[in-house]
Amino acid sequence: MNRREFFLAGAAITGGMVFYAQFPAGVAAKENNNIKQISDFVQIMCDGRVLVGCNQPEMGQDITTCMIMCIAEELEVDWQSIEYTRMPLGLKKAYEQILWKYGPQLSSGSATTRRNWEYMREVGAQARNFLVSSAAKILNADVKDCSVQSGVVKHLPSNNQLSYYDIVKLNSSVEPSDFKSPQLSPSKKFTILGKDLPSLNTPNIVYGKKIYCADIRHPNMKFAAILRCPYFDGKLKNFDGEKAMAINGVSHVFELISRKSPEPFTIINDGVAVVANSTWAAIKGKDALKTEWEHHSNKIESSLSIKQSMEQQLAGQGLLVRNDGNFNQSFAQSEKKIKLRYEVPLIAHIPMEPPSCYAFVQDHSVHVTAPVQRPRQVAHDISTFLGIDIIDVSINLPVLGGSFGRKLTSDFVLEAVMISKKIRRPVLLQWSREDDIKHDFYRPSSLHEIQAGIQNNQIIAWKHSMASTSKFYRRKNIKIEDYWKSEFYPDDFPANIIPNYQLEYHSVDSKVPRGSLRAPGHNSNAFVVQSFIAELAGLLGKDHFSFLHDLLNTNKSFPYSSFGSELFEPKRLAKCLQALNNSPSKSNHTGVGYATHFTFGSYCAHKIEVEYINNSIKIKKISIAVDCGLPIHPRGIESQIIGGTIDALSAAMFQEITIDNDAILQSNFHDYKVINHHLIPDDIKVIIIPNGNQPEGVGEIAYSSAAPALANAIDKACGIRLRSMPFSKDISFV
């Protein structure tokens, strides 16, 4: 396929500006009789179909459909004519700077839509402008007299019209002066955005045509598996690969060495790589290895030792990260004083697709295909590790079979790069489920204590103390005194609502690798805060729904300094809660629980109804209200909210990573349980509350408030108050 020499979308390093189209001087656009490519993102087919590129990592959040809706809206084509393709990492060098070629490429923090929707609309609008300008030139007409509908440009005075394909076929060049800044459609005129359209991903999923990294095949490619040290920061003492080499198809066995604490991670741990002609042979070779490992230090960790450290930390004085009013004085003078503790465990990401990576290291370049959320960071890590220019690192982006934050890291990619460099061949590294669970960057564990002072049935003092194993452990250029910044969001509710308010942090030392897991920080703190609010309401003899609603129902807006927004508007949470209606329990054995939270710019409220049957809990109904600004892909929003809720409930009900002798005890789904289908109610309802003209994120929004809503419902149904996860340690589910 020949490319037209027309470049539509480059961007400044911020990604905020589209470079307008222009041909190199004296060069005519090349043509192909079947396909016309008018930009890096858009190709026009001879049969009227439009092939549109998606530049963002797709990990199941359906960002593909969302981004292509943005282009199609401004390109003004029928949705039925759209097909899509995945785009690689696009970087270019200009004036010694590395710039985005296809706009920023990053899926994290529920911010992909918010970051990119205007940029992608500009891509579509600029392509439309090019086509309309070209049509006017062909028809010898004024652009102002031309209109577009369904991929056809019509000259209104003469009634002449040209399809997009006819335009690019007839046009051979265009001058830069023909282009003006693209005018974007106002939201009230949207014909695609905001509509309940099916996912573009669904047909390929249904027919098994999705290409994942494990499906990649290249000539002369080898396959690899790694046996990793089970101990945190442990070392390989020796190994015997004779039996592994005897496995039919195994070609190489050699050691991989990791960095040790306190250096930032490259790969998680030392290991022994087995390279073979098939994945099966590599796994069999791995199983045949004989290894001897040793601990890195005399300090051996366990779940018990970590909890004891957290308890010792909470007994002392921590770092005050927020201090409004005078907590000590107001608490001392309070009529009632309440102090409660909550515990949140380590958990693993367990994406359905364990990590995998294809890598081919050559003398001065490397090609990678990998399911990663931050491809530019991965390219940077590879270039640093190999000592080559980042421009010489190419990365293809297959769909990610789930991630939830696991594939923000580069460890599994660097493992594949190490192996390819060693054998001087392309290689596909495949992790097993056991690898995935035992060698993760886990959600930090934490122990929380909240104290509240009550005067005249109102909260006048609040202190939230947390001891946790911060996810900032071994992050580059982050000091220990800043570890709290990944664990507390100091402007989260109920900050600014309660006059005398303190947040206190205690950093707990641990060798366990930690990282971001869906709604990091929020997924722990919302459980604690929303559970405590419900308990306060009960102790004060108040209705929980009304108590929470009254705390949120203020017309004031507050500055928000953490990621996701510049402003927190509590009343939007109150409206989400109000949309769920206050329903009292129907009998002594049923319970209705509520919780709300503000996560990365969006507002969410949960209502969960349960029944207590034969000493077990059955979830009967789930209702969720979400305000994510302007809803541009409603079906995708609903799917993400339901998926996030189920993911959160699975973790809250069943999941915990435990440690003994510096090693993870869990290994697969037999001892690291996920929620079964029969435990999920058929009755799940999502209410979308539109607000404003700017979309906000949804991928992580529902995770935070699901667990406390369930805990509050269980308390109502049977009087069992769950203050630690997983809940299944204290109650069973049916």
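Just so you know, these numbers come straight off a predicted model, no measurement behind them.

Engineer: I would appreciate a short explanation of the sheet that holds strand β7 (residues 146-149) in the present structure.
Structural biologist: Picture the strands of a sheet paired through backbone hydrogen bonds; they go either parallel or antiparallel. Judged by pairing direction, the sheet is antiparallel, and its 3 strands sit side by side in the order β7-β8-β9 without closing on themselves. The sheet is open, and its two edges are formed by β7 and β9 (160-163), each paired on a single side. Taking each pair of neighbouring strands and ignoring which way they run, the sheet shows an average axis angle of 25 degrees. Here strand β8 (residues 152-155) runs beside β9; their pairing, made up of 4 bridges, is antiparallel. Opposite Lys154, over in β9, you have Gln161 as the bridge partner. Sitting on the sheet, helix α2 (residues 112-138) touches β7, β8 and β9, and the angle it makes with β7 is about 130 degrees.

Engineer: Would you take a moment to explain the sheet that holds strand β23 (residues 500-507) for this structure?
Structural biologist: Taken in spatial order, the 5 strands make up an open sheet running β15-β23-β22-β21-β16, and their pairing is mixed. Edge positions in the sheet fall to β15 (319-324) and β16 (336-344), since each of these pairs with one other strand and no more. Strand after strand, the sheet turns through a mean of 10 degrees between neighbouring axes, direction not considered. Both β15 and β23 contribute to a ladder of 5 bridges, which runs antiparallel.

Engineer: What should I look at first to understand the pattern of salt bridges in this one?
Structural biologist: Any two side chains of opposite charge can pair, so long as their charged atoms come close to each other. What the rule picks out here adds up to 35 salt bridges. Across the pair Arg49 and Asp47 runs a salt bridge, and its minimum N-O distance is 2.6 Å. Put simply, Lys260 and Asp270 hold a salt bridge, and the shortest N to O gap is 2.8 Å. Linking Lys260 in the loop between β12 (250-256) and β13 (271-276) with Asp270 in the loop between β12 and β13, this pair joins segments that are 10 residues apart in sequence. In this pair, the class of Lys260 matches that of Asp270, namely buried. Taken together, the shared-partner salt bridges in this structure form one network comprising Glu74, Glu76, Arg121 and Arg128.

Engineer: Before we go on, may I ask you to explain the confidence of the model for the protein chain in this structure?
Structural biologist: The predicted structure's coordinates, where accompanied by low pLDDT, should not be read in detail. For the protein chain, per-residue confidence averages 92 on the pLDDT scale, and 94% of positions sit at 70 or higher. Here residues 1-31 scores under 50 on pLDDT; set against residues more than four positions off or in separate chains, the count is 97 contacts. Within the model, the stretch residues 175-179 combines pLDDT values under 50 with 9 contacts to residues more than four positions away or in other chains.

Engineer: Sorry, what's going on with the environment of Gln313 here?
Structural biologist: Mapped onto the fold, Gln313 is located in helix α7 (residues 303-315). Judged by its relative accessible area of 29%, Gln313 falls in the partly exposed class. Along the primary structure Gln313 and Val529 are separated by 216 residues, whereas in three dimensions their C-alpha atoms are 20 Å apart. Of note is the side chain of Gln313, whose polar atom sits 3.0 Å from the backbone oxygen of Ser507.

Engineer: Looking at this structure, how should I read empty space enclosed by the protein?
Structural biologist: A water-sized probe, rolled over the atoms, reveals where empty space remains. Tallying each qualifying case throughout the model produces 6 cavities of 30 Å³ or more. Roughly 130 Å³ of volume is contained in the largest cavity. In terms of lining, the largest cavity is formed by 14 residues, of which the most central are Asp492, Phe493, Tyr501, Asn525 and Val529. Within the residue set of the lining of the largest cavity, elements represented by two or more residues are β22 (458-468), β23 and α12 (522-539). Classifying every residue of the lining of the largest cavity by side-chain character gives 9 nonpolar, 4 polar and 1 charged. One number sums up the size of the second largest cavity: a volume of about 100 Å³.

Engineer: For this particular structure, what's the right way to read the packing of aromatic side chains?
Structural biologist: With the rule as written, the count across this model stands at 16 aromatic pairs. Residues Trp462 and Phe532 carry aromatic rings whose centres are separated by 5.2 Å and whose planes lie at 90 degrees to one another, so their mutual orientation is edge-to-face. Here Phe532 lies in helix α12 and Trp462 lies in strand β22, a separation of 70 residues in the sequence. Summarising the aromatic geometry, the rings of Phe527 and Phe727 are spaced 5.9 Å apart at their centres and angled 45 degrees between planes, so their arrangement reads as tilted. On the criterion of sequence distance, the pair formed by Phe527 in helix α12 and Phe727 in the loop between α16 (703-718) and β32 (732-733) is long-range, its members being 200 residues apart. The pair Phe527 / Phe727 is uniform in exposure class, with both members buried. Seen from the ring of Trp117, Arg121 lies directly overhead, with NZ or CZ sitting 4.7 Å from the centre. Sitting above the plane of the Phe254 ring, Lys422 keeps its charged end 5.6 Å from the centroid.

Engineer: Looking at this structure, how should I read the nonpolar core?
Structural biologist: One broad rule of soluble globular proteins: the nonpolar side chains tend to lie buried together. Formed by 114 residues in total, the largest nonpolar core has its most connected members in Trp462, Leu710 and Phe733. With 9 residues, the single largest contributor to this core is α16. Excluding residues within four positions of it along the chain, Phe733 makes contact with Ile617, Met653, Phe654, Leu679, Leu710, Ile714, Phe727 and Ser728.

Engineer: Could you clarify how one ought to interpret the packing of helix α13 (residues 544-552) against helix α14 (residues 570-579) in this entry?
Structural biologist: Each pair of packed helices can be summarised by the angle the axes make with each other and by the distance between the axes. Look at α13 against α14: their axes get within 8 Å of each other, and the N-to-C directions meet at 155 degrees. Classified by the interaxial angle, the pair formed by α13 and α14 is roughly antiparallel. α14 is crossed by α13, and the crossing has left-handed handedness. For the pair α13 and α14, the contacting residues are Phe545, Leu548, His549 and Leu552 in the first and Pro570, Lys571, Leu573, Ala574, Leu577 and Gln578 in the second. Among the residues making up the contact of α13 with α14, the classes are represented as 7 nonpolar, 2 polar and 1 charged.

Scoring rules and cut-offs
- Per chain, residue numbering runs from 1 following the sequence as it is written.
- Only residues with pLDDT of at least 70 get local features here, since the model is predicted, and only at 80 or more are side-chain atom pairs given and counted; chain-wide, interface and lining totals rely on the full set of residues.
- Heavy atoms throughout the structure, all of them, feed into the side-chain values; hydrogens and water do not.
- For two strands to count as paired, DSSP must find a minimum of two bridges between them.
- Secondary structure elements are defined from DSSP: runs of H or I of at least 4 residues count as helices, runs of E of at least 2 residues count as strands, and each element is numbered from the N terminus.
- Angles run from 0 to 180 degrees between N-to-C directions of axes, and those axes are lines fitted to C-alpha atoms, restricted for helices to the stretch in contact.
- Whether two residues are in contact is decided by their heavy atoms, any of which lying within 4.5 Å being enough.
- By salt bridge we mean one thing: a side-chain nitrogen of Lys or Arg within 4 Å of a carboxyl oxygen of Asp or Glu.
- For the exposure calls, accessible area comes from a 1.4 Å probe over protein chains only, and a residue counts as buried if that area is under 20% of its type's maximum, exposed if over 50%, partly exposed in between.
- The quantity called pLDDT is the predictor's confidence in a given residue, expressed from 0 to 100.
- Within 3.5 Å is the distance limit for a polar contact, defined as a pair of N or O atoms, with the added protein rule that one can donate a hydrogen and the other accept it, and that residues adjacent in sequence qualify only through two side-chain atoms.
- Here a cavity means grid points, on a 1 Å grid over the protein atoms only, where a 1.4 Å probe fits yet cannot get out; a pocket means an open set of points with protein on both sides within 12 Å along at least five of seven lines; lining residues are those with an atom within 4 Å of a point.
- Grid points are joined across faces, edges and corners, and a volume is the space filled by probe spheres set on the points.
- The nonpolar class holds Ala, Val, Leu, Ile, Met, Phe, Trp, Tyr, Cys and Pro. Asp, Glu, Lys and Arg form the charged class, and all remaining residues, Gly among them, are polar.
- In summary, the pairing rule links any two rings of Phe, Tyr or Trp, Trp by its six-membered ring, whose centres are within 6.5 Å, and it sorts them by plane angle into stacked for under 30 degrees, edge-to-face for over 60 and tilted for everything else.
- Charges are assigned to positions over rings by a cutoff of 6 Å between ring centre and Lys NZ or Arg CZ, combined with an angular limit of 35 degrees from the ring normal.
- To qualify as a nonpolar core, a set must consist of buried Ala, Val, Leu, Ile, Met, Phe, Trp, Tyr and Cys residues joined through side-chain atoms within 4.5 Å.
- Roughly parallel refers to an angle under 35 degrees, roughly antiparallel to one over 145, roughly perpendicular to one between 65 and 115, and oblique to any angle outside these ranges.
- Each crossing gets its handedness from the near helix: less than a right angle anticlockwise from the far helix is left-handed, clockwise is right-handed.

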